[in-house]
Amino acid sequence: WRMELNNHLQNSGGTKMLSWEVYPSGPSHDVVWTATVFIRGAPYARCVSSRQNVAKEEAARQALQTLLQ
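Note that this is a predicted model, so its numbers are computed, not measured.

Calculation criteria
- Residues numbered from 1 in each chain as written.
- Predicted model: local features only at pLDDT ≥ 70, side-chain atom pairs only at ≥ 80, totals over all residues.
- Heavy atoms only, no water.
- Helix = DSSP H or I, 4+ residues; strand = E, 2+ residues; numbered from the N terminus.
- Expected span 1.5 Å × (residues − 1).
- Buried < 20%, exposed > 50% of the residue type's maximum accessible area, 1.4 Å probe, protein only.
- Arc of directions from axis to C-beta.
- Contact = heavy atoms within 4.5 Å.
- Salt bridge = Lys/Arg side-chain N within 4 Å of Asp/Glu carboxyl O.

Student: Any details on helix H2 (residues 52–68)? Residues and values, ideally.
Tutor: For H2, with 17 residues, the first-to-last C-alpha span of 24 Å sits near the 24 Å given by 1.5 Å per residue. Of the residues making up H2, those classed as buried are Ala55, Lys56, Ala59, Ala60, Ala63 and Leu64. Projection of H2 onto a plane perpendicular to its axis shows the buried side chains occupying an angular sector of 160°, all on one side. Buried residues in H2 make contact with helix H1 (2–11), strand E1 (18–25), strand E2 (32–39) and strand E3 (42–49).

Student: A description of the pattern of salt bridges should follow, citing residues and the corresponding values.
Tutor: The tally for this structure, following the rule as stated, stands at two salt bridges. For the salt bridge of Arg2 with Glu57, the shortest nitrogen-to-oxygen distance reads 2.6 Å. With Arg2 in helix H1 and Glu57 in helix H2, this pair connects stretches of sequence that are 55 residues apart. According to the relative accessible area criterion, Arg2 is partly exposed, its value standing at 26%. Of the residues examined, Glu57 reaches a relative accessible area of 24% and is grouped as partly exposed. Ionic pairing is found between Glu58 and Arg61, a salt bridge with its closest N-O pair at 2.5 Å. Within this pair, Glu58 and its partner Arg61 are both found in helix H2, separated by three residues, close to a single helical turn. Glu58 gets classed as partly exposed once you look at its relative accessible area, which sits at 24%.

So this is what it looks like as structure tokens:
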């Protein structure tokens, strides 16, 4: 989903409008990752997962879905 989001934004004026905030929380044995997609500085999607890549992929999916509506 990250690649699809990136491709969509490239076709819409460039990927420089895309940024991420990704951070862990919780104890080291039970880390939870939060990923937020920002487009033009505005938050478009946020996802929480026990795996960093899953959080980013789901946030990208949600952001792309919002853009395509």
